[in-house]
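Commentary on secondary and tertiary structure
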Amino acid sequence: MSLINTEIPAFTATAYHGGKFVPVTEQNFKGKWSVVVFYPADFTFVCPTELGDLADNYPEFQKLGAEVYGVSTDTHFTHKAWHDTSATIGKVQFPMVGDPTGQITENFGVMRAGQGLADRATFVIDPDGVIQVMEITAEGIGRNAAELLRKVKAARYVREHPGEVCPAAWEEGEETLAPSLDLVGKI
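Since this is a predicted model, take the numbers as computed values, not measurements.

Observations concerning the side chain of T137
Among the structural elements, T137 can be located in strand β7 (residues 131-137). Relative accessible area serves as the criterion here: at 17%, T137 is assigned to the buried category. Reaching out from T137, the side chain makes a polar contact with the backbone oxygen of I141 at a distance of 3.1 Å.

Brief notes about the packing of aromatic side chains
For any pair of aromatic rings, geometry is given as the distance between the ring centres together with the angle between the planes. Going through the model one piece at a time under the given rule, you end up with eleven aromatic pairs. An aromatic cluster is built from F11, F29 and Y69, whose rings are joined through pairwise contacts.

Thoughts on the pattern of salt bridges
When charged atoms on two side chains of opposite charge get close, those side chains can pair. Within this structure, the stated rule accounts for 15 salt bridges. Between E135 and K151 there is a salt bridge whose closest N-O contact spans 3.4 Å. Here E135, found in strand β7, pairs with K151, found in helix α5 (residues 145-160); they are 16 residues apart in sequence, far enough to count as distant. Residue classification places E135 among the partly exposed positions, given a relative accessible area of 30%.

Points about unusual backbone geometry
Non-glycine residue N5 carries a positive phi angle of around 65°. Residue placement: N5 occurs in the segment before β1 (12-17). Relative accessible area serves as the criterion here: at 55%, N5 is assigned to the exposed category.

So, the sheet that holds strand β4 (residues 66-72)
In space, the seven strands of this open sheet follow the order β2-β1-β5-β4-β3-β6-β7, with mixed pairing throughout. A strand with exactly one partner marks an edge of an open sheet, and here the two such strands are β2 (20-25) and β7. Ignoring which end each strand starts from, the neighbouring axes of this sheet average 25° apart. As paired strands, strand β3 (residues 33-38) and β4 are joined by six bridges and run parallel to one another. When the sheet's bridge partners are listed, F38 is paired in β4 with V71. Each of β3, β4, β5 (96-98) and β6 (120-125) is contacted by helix α1 (residues 46-63), which is oriented at about 165° to β4, the strand it contacts most. Against the sheet, α5 engages β3, β4, β6 and β7, with an angle of about 145° to β3.

The rules behind these values
- Residues numbered from 1 in each chain as written.
- Predicted model: local features only at pLDDT ≥ 70, side-chain atom pairs only at ≥ 80, totals over all residues.
- Heavy atoms only, no water.
- Helix = DSSP H or I, 4+ residues; strand = E, 2+ residues; numbered from the N terminus.
- Buried < 20%, exposed > 50% of the residue type's maximum accessible area, 1.4 Å probe, protein only.
- Polar contact = N/O pair within 3.5 Å; in protein donor to acceptor, adjacent residues only side chain to side chain.
- Phe/Tyr/Trp six-rings, centres within 6.5 Å; stacked < 30°, edge-to-face > 60°.
- Salt bridge = Lys/Arg side-chain N within 4 Å of Asp/Glu carboxyl O.
- Pairing = 2+ DSSP bridges.
- Axes fitted to C-alpha atoms, helices over the stretch in contact; angles between N-to-C directions.
- Contact = heavy atoms within 4.5 Å.

What follows is the structure, encoded as structure tokens:
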């Protein structure tokens, strides 16, 4: 079931962020762009490469006014331990949300049945708390923060320019399309 164009459901969680444990709810996702990156587990293999890539690109997300949230079914305590012991995860400056009850993972429909682990899933949420992008990949396929950044830029552009759409491989500053009867069959 697609969650595109649906509002995120209510939840309450604790994140490790900025050396502290902080509360996070669905209200944190309102009023700005949010990127929620679910990953299976701390202290694993592909997950740290993805979070490290996001950490390296985090300043670019911030320039867009977008907050990144890493979410797994680990606890916020485990997130702190991983942050403190891994050079790669030590670079992470965005909130690492603990979801040991699976509430958030279930809300987003990315809980692996019978495993208690999240799928490798990404959501881009607009300032109204509405999901604009969702992507789920198989366990062994890592994501690319630069591509995710491009998708955030495209989602922002479409929101700010009603009547325009971004074609495949669109990059900021390139031409967009204005869907119309005149374009049907001409692209």
